[in-house]
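These are the residues of each chain, in order.
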Amino acid sequence: MNKVRIIQKLIDNKINIKDVCDALSCSERTVYRYKSTLINEGPPGFIHGLKGKVSNHNPYSSKHQDLDRIITQNKFIGFGPTFLSEKLLEIYGFYINKESLRKRMIRLGLWLPKPKKTVVKRKKRERSKSFGLLIQIDGS
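Residues numbered from 1 in each chain as written. Predicted model: local features only at pLDDT ≥ 70, side-chain atom pairs only at ≥ 80, totals over all residues. Heavy atoms only, no water.

**Q** Honestly, the environment of Lys9 in this entry has me stumped. Any pointers?
**A** Summarising the element assignment, Lys9 is placed in helix H1 (residues 2–11). Considering only alpha carbons, one finds Lys9 and Val20, 11 residues apart in sequence, at a separation of 9.0 Å. Ignoring sequence-local partners within four residues, the contact set of Lys9 consists of Lys14 and Ile15. (Helix = DSSP H or I, 4+ residues; strand = E, 2+ residues; numbered from the N terminus. Contact = heavy atoms within 4.5 Å.)

Set out below in structure tokens:
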């Protein structure tokens, strides 16, 4: 509501853009966008569009439950994430990114993540005992 009051003062020409930028800690472009939002939509325009709605990334939605049911079918056992992603698009018309599918398959126990590579630490060569000694290697 503080933002709405400040932008309303700007619309009424009581303060200038610079003061609004300082008060809201934002750029001029953002202030112009806020002003347009207030004029076109009023104060409800500042409320987030998903407020009161279910998140698009809710893992318990029916869409995600259907996906889990589909990928656990016997005909998809042994498929990798990339191939399964292509088959889901081909058969069901359902697109899901291969990385999202891989994470879902790991959670369901259908895919084992690759183990992280162990870093091999190599010892440095010991210094030569004699000062100025030159080691010659025969290239033949």
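**Q** Any chance you could explain helix H4 (residues 62–71) here in plain terms?
**A** Each α-helix turn comprises 3.6 residues. Residues three or four places apart therefore point the same way. Inspection of H4 places His64, Leu67, Asp68, Ile70 and Ile71 among the buried residues, and these make up the whole buried set. The buried residues of H4 occupy an angular sector of 165 degrees when projected down its axis, which confines them to one face. On its buried face, H4 is in contact with helix H5 (81–92) and helix H6 (98–108). (Buried < 20%, exposed > 50% of the residue type's maximum accessible area, 1.4 Å probe, protein only. Arc of directions from axis to C-beta.)

**Q** Quick question: what am I supposed to make of the pattern of salt bridges here?
**A** Oppositely charged side chains can pair when the atoms bearing their charge come close. In total, this model carries five salt bridges according to the counting rule given. Residue Asp68 pairs with Arg107 through a salt bridge whose shortest N-O separation is 3.8 Å. Here Asp68 is found in helix H4, whereas its partner Arg107 is found in helix H6, with 39 residues between them in sequence. The salt bridge partner of Glu90 is Lys87, with a shortest N-O separation of 3.3 Å. Here the residue Glu90 and the residue Lys87 both occupy positions in helix H5, the gap between them amounting to three residues, near one helical turn. In the salt-bridge network here, residues are joined through shared partners; they are Asp68, Arg104 and Arg107. (Salt bridge = Lys/Arg side-chain N within 4 Å of Asp/Glu carboxyl O.)

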